[in-house]
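# Residue-level structural notes
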Amino acid sequence: MKSLRQPTLETLGLGNILGIFQNGKLPAEAGDLVDRIFGKPGARCAMVVSGANGIVGAGKTIQLASRLIPFDVPIVGLDFPGSPDGIGGQYQALKGFFGQKRADQIMANIIRLNYDGKNLPSELKKLKPRFLLEAIPEILEIKKAHYAAFREAFPTIEIRSVTSGFPSSELGVGIAHPAFPHNINKVWEIVEDDVSPITQLFWALGLTPMPVSDHWSFVLDVLFCGLTLAGMRYHRASNMPFWKIDKFIRKFMGPNPFRAHDAIGAKGANFLTWSCLYHLSQKYGDLFTPTPELDERQETGQNWYPLNHFRPLVDWAMDDGDEDEFRSWTVGPLVQMTSLMLHENRAHLSHINAIGELCAQFRSGVPAFIRNMGVEAAIKSVESYHRLHPEAAGSGWYPDVFNKVEEPEWQQLYVNAEHDGKVGAISIGRESYNSDVDAELNRAIDWLRAEGIDRVIVTGDFHLASQMVGADTSDFFPALSEGEKGLQISTSWSQTARRLNNDFKVSVGFINGKRCMGGMLELLMHCHYLVSEKSSSLGMPEVTLPVVPGMEGCHWPFRKAKTDDIPKLLNLLLTGKQLKAKETVGWLVDFAGSFDEALPLVWKIVTEGEQSSVSRRTVVEKSINIPTEVNLPDSGNPATEAARKAIMNCIKDSCGTSLADALAIQAGHSADFMSSDYCRRGVIGATCAKVMNV
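Definitions and cut-offs
Residues numbered from 1 in each chain as written. Predicted model: local features only at pLDDT ≥ 70, side-chain atom pairs only at ≥ 80, totals over all residues. Heavy atoms only, no water. Helix = DSSP H or I, 4+ residues; strand = E, 2+ residues; numbered from the N terminus. Rg over C-alpha atoms; globule rule 2.2 N^0.38 Å. Buried < 20%, exposed > 50% of the residue type's maximum accessible area, 1.4 Å probe, protein only. Pairing = 2+ DSSP bridges. Phe/Tyr/Trp six-rings, centres within 6.5 Å; stacked < 30°, edge-to-face > 60°. Domains from an automatic or database assignment. Contact = heavy atoms within 4.5 Å. Buried area = accessible area lost by both parts, 1.4 Å probe. Salt bridge = Lys/Arg side-chain N within 4 Å of Asp/Glu carboxyl O. Nonpolar A, V, L, I, M, F, W, Y, C, P; charged D, E, K, R; others polar. Core = buried A, V, L, I, M, F, W, Y, C linked by side-chain atoms within 4.5 Å. Axes fitted to C-alpha atoms, helices over the stretch in contact; angles between N-to-C directions. Parallel < 35°, antiparallel > 145°, perpendicular 65-115°, else oblique. Left-handed = near helix turned anticlockwise from the far one by under 90°.

## A closer look at the overall build of the chain
If you tally the helices and strands in the chain, you get 29 helices and 20 strands. Radius of gyration (C-alpha) of the chain: 26 Å, near the 26 Å computed for a compact globule of 694 residues. Across its three principal directions, the C-alpha atoms of the chain cover 75 × 65 × 55 Å. When the 694 residues of the chain are sorted by exposure, 61% land in the buried category.

Below is the structure:
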């Protein structure tokens with residue numbers, strides 16, 4: 001097996017993408033791992049979450065309970081008597097997601113016990129706990145005493161801490177640090193000597209564990225707390241209010257660090273950020289030293305944002321010089337902190353990148369951000385920061401790590417490729433398609449072709465991307481005012497998609513996540529065959545944004561469909577409704593089934609091609625006729641009606657010409673509508689105005 005760069009699944013001891021299809025099954029099954037950890041059915045041992053009524057504890061109790069209920073694992077929520085009912089506070093959201101019957105079943109499987117902080121309740125012995133997830137306050141002595149009590153009572157119990165900052169070497173237990181917001185984000189930073197069955201169980205349950213090294217604050221809190229600190233330092237230099245600093249950070253990078261503290265709960269979040277930065281500063285110096293504002297707020301729990309009606313009274317604008325200084329104060333330390341993490345090899349580079357996006361809400365992960373700005377500019381940003389804040393220059397700066405930016409680990413942050421000498425696999429590890437993914441996909445295709453591979457599977461990466469939600473609409477912001485930008489995106493992305501059809505003898509797209517939408521679906525439908533896990537939701541939601549599909553969704557699937565199936569495709573594009581993959585067999589996907597059915601079939605198709613049991617639908621190269629009348633009820637929304645009309649025009653024009661000419665025609669339609677008033681007033685335009693017009 002040869003790969004462009006190390007597959008992230010390998011860091012979990014789960015092999016590679018191609019091996020999943022060769023073996024015809026997933027590399028880890030939840031039922032098998034539950035048996036290993038909690039015992040056989042009918043005699044299951046319990047899982048305990050301590051501090052279960054806190055924000056983190058309650059969120060993780062519900063998240064794990066909802067996934068373990070099919071396996072009848074008792075979940076124990078342990079906390080002090082009189083603590084606020086954090087678990088009960090999750091019920092309404094649980095009911096809204098699962099329905100009342102399922103929510104009641106999940107809550108009924110959670111056993112709530114109280115204790116005094118020293119003596120474990122006697123009821124625990126009957127439940128025979130095998131796994132403790134500790135979510136008690138970030139006080140080292142209390143945590144250690146807590147572990148000692150559990151180990152004395154249950155010597156073989158596995159313990160993981162949700163700590164934000166303490167290394168495993170300080171705690172004496174492994175780390176399973178969940179990203180915030182705690183009740184919905186599936187990412188966990190994992191610290192353990194060897195990959196454990198617990199980590200693999202998390203993966204098998206649909207969570208996203210990411211191994212990180214045993215350093216203070218791991219990866220997420222270096223990025224998040226570090227960016228918050230950068231904003232505080234700019235406040236001290238400029239006196240700009242924190243809420244306004246947030247808006248500029250969001251404009252240039254994506255996160256709202258101060259608003260996030262208030263949303264999580266300033267009292268707890270302020271202390272955690274202070275604790276992370278304080279301990280980092282003890283090891284790495286003034287790059288991480290908390291400011292007096294944070295010292296104060298970690299004690300008072302004061303919010304960072306004033307009341308809404310106070311904000312407009314003090315506003316700020318920036319000219320180009322001000323923006324340069326702001327970037328020095330914020331981008332500079334972020335680049336320096338990233339150099340430290342890379343120097344210490346804190347995680348797989350794709351993990352560092354994904355943690356920034358999935359957890360800290362960066363539009364581009366910090367490695368991708370640095371790659372795009374260029375090494376020279378990145379180093380200059382740190383040097384500029386050091387002129388403003390000389391104290392940070394003393395330690396934690398390793399510019400030499402950026403000398404590797406041309407290597408595959410840097411160049412393929414989102415898209416990887418593997419092959420066994422005959423069959424290749426391209427895996428996409430980002431849930432939304434953007435220009436970075438597009439460039440990396442082209443490089444992956446180039447590499448496979450140079451390796452002599454003409455059979456390929458294209459899929460999500462089974463790890464960092466649990467779904468494919470479509471195009472990253474932030475890439476469309478420039479196109480709202482510049483038609484050429486939209487034309488460039490639609491043209492170049494479509495040309496990349498066509499390579500999946502043109503550059504390989506056999507290409508098979510496989511949809512393995514819970515949904516595949518918009519641009520990602522358009523991409524995969526360019527494969528010669530499209531196979532899906534049967535419960536995946538498929539859809540073309542562009543009409544609801546509104547935009548016109550720009551990766552050939554307005555003609556490519558029509559050229560592969562039977563005449564009788566064209567109304568189904570029209571309905572899909574003009575309503576934006578989602579369908580389960582099993583409802584689209586024959587006109588959108590070629591097969592939909594369980595993983596046990598789909599995985600070996602994909603391998604059979606890619607190795608046998610025309611000899612397989614699934615017929616290849618050809619792409620009609622001449623013009624095709626589309627019905628002129630489509631009967632849909634009026635949406636009552638002028639923007640939706642305008643989008644329907646524009647999409648229908650694009651369908652007719654791009655289907656009414658040859659395949660060779662259709663790409664340019666559909667790209668023009670997409671670009672024209674993107675710069676229209678309807679699009680500028682829609683979801684994308686409103687988001688652009690909110691983010692960019694500061």
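## Structural notes on the pairing of strand E9 (residues 208–211)
Pairing of strand E8 (residues 187–191) with E9, which is carried by four bridges, proceeds in the parallel orientation. Bridge pairing in E9 places Trp-188 opposite Pro-209.

## A word on the packing of aromatic side chains
Summed over all chains, the structure comprises 26 aromatic pairs. Where Tyr-433 meets Trp-493, the ring centres are 5.0 Å apart and the plane angle is 70°; that geometry is what we call edge-to-face. Placement of the pair is Tyr-433 in strand E12 (residues 432–433) and Trp-493 in helix H21 (residues 483–502), with a sequence separation of 60 residues. For the pair formed by Tyr-433 and Trp-493, the shared burial category is buried.

## Some thoughts on the sheet that holds strand E18 (residues 537–539)
Reading across the sheet, the three strands line up as E16-E18-E19 and stay open at both edges, with mixed pairing between neighbours. For this open sheet the edge positions go to strand E16 (515–517) and strand E19 (579–580), each flanked by a neighbour on one side alone. In this structure, E16 lies alongside E18, joined through three bridges in parallel fashion. By the bridge assignment for E18, Met-517 is matched with Gly-539.

## What about the sheet that holds strand E13 (residues 455–460)?
Within the open sheet, the seven strands sit side by side as E1-E10-E11-E13-E15-E17-E20. Their pairing is mixed. Only two strands of the sheet have a single neighbouring strand rather than two, namely strand E1 (2–3) and strand E20 (591–593). Sheet topology places E1 next to strand E10 (residues 415–419); two bridges connect them, and they run antiparallel. In the sheet register, Lys-2 faces E10, and the bridge partner there is His-419.

## Brief notes about the domain arrangement of the chain
Annotation of the chain at the domain level lists domain 1 (39–211), domain 2 (219–409) and domain 3 (414–692). The C-alpha centroid of domain 2 is placed 30 Å from the C-alpha centroid of domain 1. Counting from both sides, the interface comprises 13 residues of domain 1 and, opposite them, 16 residues of domain 2. Between domain 1 and domain 2, the buried area comes to about 1,300 Å², and carbon and sulfur atoms account for 71% of it. Per-residue buried area on domain 1 facing domain 2 is highest for Phe-180, Glu-189 and Met-210; these three make up 42% of the total on that side. At the junction of domain 1 with domain 2, the criterion picks out zero salt bridges. For the side of domain 1 that touches domain 2, a count of residues per class yields seven nonpolar, four polar and two charged.

## Details of the nonpolar core
Grouped together as the largest cluster of nonpolar side chains are 163 residues, with contacts concentrated most on Met-253, Phe-288, Ile-426, Leu-521, Phe-558, Ile-626 and Ile-651. Apart from the residues within four sequence positions on either side, Ile-651 is in contact with Cys-554, Phe-558, Leu-570, Leu-573, Ile-626 and Gly-656. Ala-30, Val-162, Leu-205 and Val-531 belong to the second largest nonpolar core, which has 63 residues in total.

## Some points on the packing of helix H13 (residues 266–284) against helix H14 (residues 292–300)
Their axes nearest at 8 Å, the elements H13 and H14 cross at an angle of 135°. Relative to H14, H13 is oriented oblique. The handedness of the crossing between H13 and H14 is left-handed. Contact residues: Asn-270, Phe-271, Thr-273, Trp-274 and Leu-277 in H13; Leu-294, Asp-295, Arg-297 and Gln-298 in H14. Looking at the contact of H13 with H14 residue by residue, the classes come out as four nonpolar, three polar and two charged.

## Some remarks on the pattern of salt bridges
One pass over the full model with this rule turns up 24 salt bridges. With a shortest N-O distance of 3.3 Å, Glu-641 and Arg-644 are connected by a salt bridge. Here Glu-641 pairs with Arg-644, and both are found in helix H26 (residues 638–655), just three residues apart, close to one helical turn. Given the relative accessible area of 26%, Glu-641 is considered partly exposed. On the accessibility criterion, Arg-644 (13% relative accessible area) is buried. Residues Asp-677 and Arg-680 are paired through a salt bridge, measuring 2.5 Å at the closest nitrogen-oxygen approach. You can see Asp-677 and its partner Arg-680 sitting in helix H28 (residues 677–680), three residues apart, about one turn around the helix. Residue classification places Asp-677 among the partly exposed residues on the basis of a relative accessible area of 43%. By sharing partners, the salt bridges in this structure join Asp-35, Lys-40 and Arg-44 into a single network.

## Some remarks on the environment of Gly-452
Note on placement: Gly-452 falls in the loop between helix H20 (435–450) and E13. Here Gly-452 falls in the exposed class, since its relative accessible area comes to 53%. When the C-alpha atoms of Gly-452 and Phe-402 are compared, they prove to be 31 Å apart, with 50 residues separating the residues in sequence.

## Description of the pairing of strand E2 (residues 47–50)
Because side chains alternate across E2, one face comprises the buried residues Met-47 and Val-49, and the other comprises Val-48 and Ser-50, equally buried. With four bridges joining them, E2 and strand E3 (residues 75–79) adopt parallel strand pairing. Each residue of the ladder has a partner; that of Val-49, found in E3, is Gly-77. Relative to strand E5 (residues 131–134), E2 runs parallel, the two being bridged by four bridges. Note that in E5 the partner of Val-49 across the bridge is Leu-133.

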